[in-house]
Amino acid sequence: TLNVLLEKTSHYDKDERYMATSDLCGLLATDIKIDDMTERQICAAVLKQLDDKSNDVQSVAVKCLGTLLKKVQQNQVGEICAKLCSLVLQGQNELRDIYSIGLKTLISDVPDAMGELVVSKLTSNLTNGIGSSNDDVKRECLDDMTDLLRRFGHLMRREHESILAVIVVCLEHSKSVIRKRASVCLGALAVVATDPLLFRLVDDLLRRIKELNKQKFPSSDDLRTLIQTIGTVSRTVGYRLGKSLDDLVPLFLRCCGDIEGVDGYTEAANDLREHCFPGLESFVLRCPKEIAPHVHNVLSKSLEFMTFDPNYCYDSDEEVRDVEEEGEFDEDDYEDDDYEGSDDDDTSWKVRKAAIRVVSAIISARAEILEPDVYVKVADDLVSRFKEREESVRLEIFACFTSLLQATLSRAPVGGVEFVPTPSLSTHRSRTSGTIPVTRTRSASGDAISPSKEREINSDISNFLLSKASIVINLCKKQLNGSSLKSKSAVFHLLGVFVRVLKGSMEEHIKSLLRDVVKMLATERNENVKYDALVFLHIVFNRHDAGAMQPFVTSVLPIVVNAVQDDWYKVTSAALRVIGDIITTCRPSSADIEFAKMEVSEPTQIDSSAHVEAIYSAVLPRLEAPDIDHEIKEEAIHCAGQLLSRLGDCLAPSERAILMGHLHKRLDNEVTRIPALKALSFVAMSELQLDVAPMLSRIAADVATFLRQQSRILKQTSLQALDAIMKSSASQSGAIPSETICSVLHEVSLLINDSDLSITDLSLKVTCGVLNLYHEDSTTATTMCEVILPRVISLASSPLMQGAAQNSLIALLQSFVSSGVPNLSFRSLRERLLSRLTVASDTSCNGQQRDSQLSVLLPKQSINILAQCLAGICLSAPADVQQDAVSGLLSDLWRGDEARKHLALLCIGHLGQKIDLSAAGGTDNLKEQILDCFETGSEDIKAATAFALGHLAVGSMDTFLPIILQAIDSNKHQYLLLAALKETIIVHVQNGLNFSPYLDSVLPGMQSLAVSEEEGVRNMVAECFGALAVMHPDTVLPLLHQYIEADGENKTVLWTVATSMRYYFTRYNGADFTSPLVVQPFLALLGDDDIEVCRASTHMVNAAVHYNPALVADSLEKDVVPHILKTLSLKRERVVDLGPFKHKVDDALPLRKAALTCCETILFVKPDAMDATSLASQITSMLTDNKDDTNLQCHQVLCKLCGCHPGAVLCVVDDLERALERAIEKNIPKDTGTSAAAGPEAERSMEQIRSCVRLVATINSLEDISQKRSWQDFIEKLRKRALVSDIMSQMRGHDMLRDMGF
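Residues numbered from 1 in each chain as written. Predicted model: local features only at pLDDT ≥ 70, side-chain atom pairs only at ≥ 80, totals over all residues. Heavy atoms only, no water.

What follows is about the overall build of the chain. Helix and strand content of the chain: 63 helices and 4 strands. Intrachain contacts of the chain at a sequence separation of at least 6 include 74% that bridge at least 24 residues. Working note: accessible area of the chain is about 55,700 Å², and carbon and sulfur atoms make up 48% of it. (Helix = DSSP H or I, 4+ residues; strand = E, 2+ residues; numbered from the N terminus. Contact = heavy atoms within 4.5 Å. Areas by Shrake-Rupley, 256 points an atom, 1.4 Å probe, with all protein chains shown as cover.)

Another aspect to go through is the nonpolar core. By size, the foremost hydrophobic cluster in this structure holds 430 residues, and its most contacted members are Phe401, Phe816 and Leu981. Apart from the residues within four sequence positions on either side, phenylalanine 401 is in contact with Ala379, Leu382, Val383, Phe386, Val472, Leu494 and Phe498. (Core = buried A, V, L, I, M, F, W, Y, C linked by side-chain atoms within 4.5 Å. Buried < 20%, exposed > 50% of the residue type's maximum accessible area, 1.4 Å probe, protein only.)

How two helices sit against one another is set out by the angle between their axes and by the gap between those axes. It is the contact of helix H34 (residues 712-726) with helix H36 (residues 738-749), at a shortest axis distance of 13 Å, that shows an interaxial angle of 150 degrees. One way to sum up the angle between H34 and H36 is to call them roughly antiparallel. As H34 packs across H36, the resulting crossing turns out to be left-handed. Along the contact surface, H34 presents Leu719, Leu722 and Met726, while H36 presents Ile741, Val744 and Val748. (Axes fitted to C-alpha atoms, helices over the stretch in contact; angles between N-to-C directions. Parallel < 35°, antiparallel > 145°, perpendicular 65-115°, else oblique. Left-handed = near helix turned anticlockwise from the far one by under 90°.)

Moving on, we get to the pattern of salt bridges. On inspection of all chains with the given rule, the structure shows 52 salt bridges. Residue glutamate 831 is joined to arginine 830 by a salt bridge in which the shortest nitrogen-to-oxygen separation is 3.6 Å. Judged by its relative accessible area of 49%, glutamate 831 is partly exposed. Taking the relative accessible area as the measure of exposure, arginine 830 reaches 17% and is therefore buried. One salt bridge connects glutamate 1092 with arginine 1095, and the closest N-O pair in it is separated by 3.1 Å. Of this pair, glutamate 1092 and arginine 1095 are both found in helix H53 (residues 1091-1107), 3 residues apart, which corresponds to roughly one turn of the helix. Residue glutamate 1092 is classed as partly exposed on the basis of its relative accessible area of 37%. (Salt bridge = Lys/Arg side-chain N within 4 Å of Asp/Glu carboxyl O.)

Looking along a regular strand, one sees side chains alternate from face to face of the sheet. One ladder, built from 5 bridges, connects strand S3 (residues 1133-1137) with strand S4 (residues 1142-1146); its direction is antiparallel. The residue bridging valine 1136 from the neighbouring strand is histidine 1143, located in S4. Joining the antiparallel neighbours S3 and S4 is a turn of 4 residues, in which glycine 1139 adopts a positive phi near 85 degrees. (Pairing = 2+ DSSP bridges.)

The next thing to look at is helix H21 (residues 469-480). Counted at 1.5 Å a residue, the expected span for H21 with its 12 residues is 16 Å, and the 16 Å between its end C-alpha atoms agrees. For H21, the tally of buried residues reaches 12 of 12 residues, placing the bulk of the element in the interior. When H21 is considered as a whole, its buried residues turn out to be Ala469, Ser470, Ile471, Val472, Ile473, Asn474, Leu475, Cys476, Lys477, Lys478, Gln479 and Leu480. (Expected span 1.5 Å × (residues − 1).)

Relative to the assigned elements, histidine 664 resides in helix H31 (residues 653-666). Judged by its relative accessible area of 17%, histidine 664 falls in the buried class. For histidine 664, the side chain forms a polar contact with the side chain of aspartate 702, separated by 2.6 Å. When sequence neighbours within four positions are dropped, the list of residues in contact with histidine 664 reads Met695, Arg698, Ile699 and Asp702. (Polar contact = N/O pair within 3.5 Å; in protein donor to acceptor, adjacent residues only side chain to side chain.)

So, about the packing of aromatic side chains. If you walk through the whole model with that rule in mind, you get 13 aromatic pairs. Aromatic pair phenylalanine 252 and phenylalanine 283: ring centres 5.8 Å apart, planes at 35 degrees, arrangement tilted. Within this pair, whereas phenylalanine 252 is found in helix H13 (residues 245-256), its partner phenylalanine 283 is found in helix H14 (residues 267-286), the two being separated by 31 residues in sequence. Each member of the pair, phenylalanine 252 as well as phenylalanine 283, is classed as buried. Grouped by ring-pair contacts, the aromatic residues Phe277, Phe305 and Phe308 constitute a single cluster. Directly above the ring of phenylalanine 308 sits arginine 273, whose terminal nitrogen or CZ lies 4.9 Å from the centroid. Sitting over the face of the ring of phenylalanine 706, arginine 673 holds its NZ or CZ atom 4.5 Å from the ring centroid. (Phe/Tyr/Trp six-rings, centres within 6.5 Å; stacked < 30°, edge-to-face > 60°. Lys NZ or Arg CZ within 6 Å of the ring centre and 35° of its normal.)

A separate point is the environment of proline 621. Along the chain, the position of proline 621 falls in helix H29 (residues 609-624). Of the residues examined, proline 621 reaches a relative accessible area of 41% and is grouped as partly exposed. Between the C-alpha atoms of proline 621 and alanine 636, which are 15 residues apart in sequence, the distance is 9.0 Å.

This brings us to the state of the cysteines. The final tally for this structure, using the stated rule, is 0 disulfides. In this structure cysteine 650 is a free cysteine whose sulfur lies 9.0 Å from that of cysteine 586, the closest cysteine sulfur available. Residue classification places cysteine 650 among the partly exposed residues on the basis of a relative accessible area of 26%. (Disulfide = S-S within 2.5 Å.)

Looking at where threonine 1127 falls in the secondary structure, it is placed in helix H54 (residues 1113-1128). Residue classification places threonine 1127 among the buried positions, given a relative accessible area of 7%. Linking threonine 1127 and arginine 1152, residues 25 residues apart in sequence, is a C-alpha distance of 6.2 Å. Leave out the neighbours within four places in its chain, and threonine 1127 touches Cys1094, Leu1151, Arg1152 and Ala1155.

The subject of this paragraph is the packing of H53 against helix H55 (residues 1149-1165). At a minimum axis distance of 9 Å, the contact between H53 and H55 shows a crossing angle of 15 degrees. Viewed along their axes, H53 and H55 adopt a mutual orientation that is roughly parallel. Judged by the sense of rotation from one axis to the other, the crossing of H53 with H55 is left-handed. For the pair formed by H53 and H55, the contact residues are Ile1091, Cys1094, Arg1095, Thr1098, His1099, Val1101, Asn1102, Val1105 and His1106 on the first element and Pro1150, Leu1151, Ala1154, Ala1155, Thr1157, Cys1158, Thr1161, Ile1162 and Val1165 on the second. A class-by-class count of the residues in the contact of H53 with H55 yields 11 nonpolar, 6 polar and 1 charged. (Nonpolar A, V, L, I, M, F, W, Y, C, P; charged D, E, K, R; others polar.)

Turning next to the side chain of aspartate 581. Structurally, aspartate 581 is set in helix H27 (residues 569-586). Despite its burial, aspartate 581 remains without a salt bridge, the nearest opposite charge being carried by arginine 577 at 7.0 Å. In this view, aspartate 581 contacts His538, Phe541 and Asn542; residues no more than four positions away in its chain are not counted. (Lys, Arg positive; Asp, Glu negative; His and termini not counted.)

Right, let's talk about the environment of proline 1033 for a bit. You can see proline 1033 is positioned in helix H50 (residues 1033-1046). Separated by 31 residues in sequence, proline 1033 and tyrosine 1064 place their C-alpha atoms 9.2 Å apart. In this structure proline 1033 touches Pro1038 and Tyr1064, once residues within four positions along its chain are discounted.

Here the chain averages 81 in pLDDT, and 86% of its residues register 70 or above. Taken together, the stretch residues 316-321 has pLDDT below 50 and engages in 5 contacts with residues farther than four places along the chain or on a different chain. Long-range and interchain partners of residues 412-452, a stretch whose pLDDT sits below 50, account for 92 contacts in this model, where long-range means more than four residues apart. (pLDDT = per-residue confidence, 0-100.)

It is worth spelling out unusual backbone geometry at this point. With a phi close to 55 degrees, histidine 973 is a non-glycine residue in the positive phi region. Among the structural elements, histidine 973 can be located in the loop between helix H46 (957-969) and helix H47 (974-991).

Here helix H32 (residues 673-684) contains 12 residues, and its C-alpha end-to-end distance of 16 Å stays within 8% of the 16 Å for a straight helix at 1.5 Å per residue. Considered for burial, the residues of H32 that qualify are Arg673, Pro675, Ala676, Leu677, Ala679, Leu680, Ser681, Val683 and Ala684. Against helix H30 (630-647), H31, helix H33 (693-705) and H34 lie the buried residues of H32.

Shown next as structure tokens:
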């Protein structure tokens, strides 16, 4: 068959030649095997077809060439390369473009394994062709060299300099097409060039520009070419040009010219600006630190050219004033010609669009500089450009203004909600910047701003936006009255964010805006726009008080009801969502009013019954339909629940029964079960006295059965529904029979365990609700004692109990005591809890059953939980029972066993914090009993004694605090006594208690212990100092500063001071900041030559940056970061002689780990302060050393660095690639069959590999990494490793790993 096809490729009929070549291409795409001779014949035939007279035959030959290259051997590929090169250089002029296409096909389709062969065959020939005097050859060779550099540039490093030299000459060519091709080729070369070569290229270009500027009559074409070349390079490798920005940015700004200049209106000038503005955008996004000094100039120039439209006359000021004054628009006022049409020869819109993108980049990457003065300028300029005539530019303006509003949302005080873009707008802006928004508010100088200052700034911006609301809304209304669908969607998106930013302060503008929206919904046929309008209505109703929105229900409801009947499911679901908002608006609950702090005055109340029928008629068909979209089902169920819970009294009994029946029926379907449970919870919690008790009773029994299901979310929702039902009026009226209550308790009891504390918390709350309502019912009380109580008692000794579940457990036990049920009395519960001090084990060590039981002591965490439970029920008991209980605890201190003693101490501590126990057993007796516990017993007993003593002092400071201080002065058990003092101070901090009367008595003793040789004592002193500084900063912080000045050479004092400040920063959560000047002296400890002091200082800075960045903001960049980076390279190695062998120890390793932690915190909180380039270089060096001790931390820091400074990582990606490859090679087990392959060392190696894979995935997600061909080859190598592929499969859920193709 091959021979026949080869013969036909030379047929006289061009159709036969075409079909033969096409069939040959298809045959080669199969698994056919061909010999060497046939390979040569096929190659010759295909190459001959490139000279064919028929264009169709030439094109199919080029296609066949791509398939052929994947099939033939290297020798044939080399011959094809040589042949195509000779044809491009010396072939027929009229066919040279075909030869060039064939060469491009070869470069793009040849296998990676043949890259070096292709490079060796093509590089020198193409370089010679670029230097040829034939312009056609030069042009095609530049194109081919660009493709070769993009595909195999990393394999051509030796030829980069020669290639650069010959391309740079082409920049001076007389033909513009050659100059442009050379500029693009240099951009491709810049991606793979080394830093020295790249900087040499940039310096040479800058030098040429300066020389041209010195000439009296410089060539505008040459100057434009050089600027375009730098612009091309900056777009491709902007992250590597940070060091040259001081020269490049001013140059770009000058080249943009003056908007008023006469020369600025030419096409050549516009072409130059099209290269400059994308370059500036690249610098803003990829060099955030280096661009900082130039941001204001770049922003000013971008805002200036955002209005550059020389071929169109706008009535700018008058139009805006008219909008503000008139406030109304007719459809006739909007002329499509003003906005849609544009002259084909007019390219100024490209300049405007590029300038707007620079503004958007500044907003997204540097939102911290948008202080009120800058914010006002940017917002005003953007609003004034809403009149833009070119649609694509207008959409950019809307997106830019929306980004500005979202930047306001991102730094809004707690309670702000991030806006999620609507799906129909997702195609407007698909470009990603590779940066993350800064989460901390900073001033224009980069300094952190205090909370009070931030609130002031946010208030100023909100007031400004509110003052501009009239103009913005009226300009948006003009767009809504137009014909552009994309503009309408963009405007709805913008208005939605605008409403969120103003938090519903647009009552005076709502009337006119909603009128236009309702009018548009009634006439609009486009589904996407209708959906966007409904989403906007949802935001408006959610963000405004019910009183403000009630007057508009009558006009909005009919059009929304009609939208429910729409064919597109997204419009229907959005309309149902708005109906739910309208129901809430018609009659807000008392909880809504209290949460929103609004007042619904009587005049604004509306007749809800007038709308109920329309709502009911719209919701019921969607609720009944079994075969509709899931999203519609959920919204219909939600609306039904809201309708019953808020307006159920306006429905007829039969209508209520129908809705309740459908909600009950929806419980049978797994898809709608959870929404139905939530809706029924609304009904159960309704403030209306609805007659739905019988239905709720049946529903409660059904819901209880759902607790057996495996779905965790179903269990949670079911428990929440049961809790609502048990608290409902139906339950309180006794309408739920005892049998149902007992059935619920049986099901709930199965979930009371420590395997899922969130589920347990909800289960305990349901049980507590049942107990409070039905404790007088004998059947329920019996079920409580027999079913619930054993599980609760077992749970009380679980070492896993914590948080909300623990609080619910204690609350339930207290409810037991208060219920009055005989078997749930205090004494009964106390005995059962004490019986849990030992747990029975009926299994021997070898797993075989034993006849006798072995009592095993509970872990100390379980004893602590038991103590809190005992203290909780003791506090709920009568006074006389309390006194007896305390006496029993005191007796356990001297005659109880170890476990009883431990429990008694902890219980006394918890009780002593709440009530004064100084009179219990006599003060002296209690003091002696407590202090004697320091002398005997285990370490756990001593720690419990310190806890008890510290908490006893909280309840009786005048009695027990002097005891603690006197005992500390006795130089005996100082660590434990300081732990007791720490407990006392921390409880005061956590509960806001007044410690001022005792401060003077505490400080002297702590000062003397600050120089203790025992590190544990000093650590306790430091924690006490830190907690005291939170309550009394004006006293404690100057005192710590005095320690540094008075005894600065004592390293123990310096360590104590640094650790104290670390605890201070950790616990500090004041409303406003301490002055940075107070904290500044402590930062000097970073430069101490003692490793331990330096490590403590590093931990201190880490805490300060994490919790209070404003305190160290002024010093981060100039003082803190240089010290931290210097620490990363610090080593203090010593050799320890262990007899048979010697061991090398690095004392600076803990310090380097602390420094890495601090770097990670700085990158998260204040990334602009970090010297990203130096950090990336330092971490790469640490990874190159191949020390596993810090590898995991290094990987985490690099992942953070990819988010905020991707350019710094890209600059070292070649070294990282080698380091990661070595790390993976080192940790892959050599022999998976040995026992060592499954031990701790193997698990440690696997964790190293997993960490490497996470870092690889993060780097691979960077926008510019695709330009690194060597990195893509590295990714391919990873895919071929079996072990790495298995790890990838385990981590397949990670989005970045899916993007890598695993």
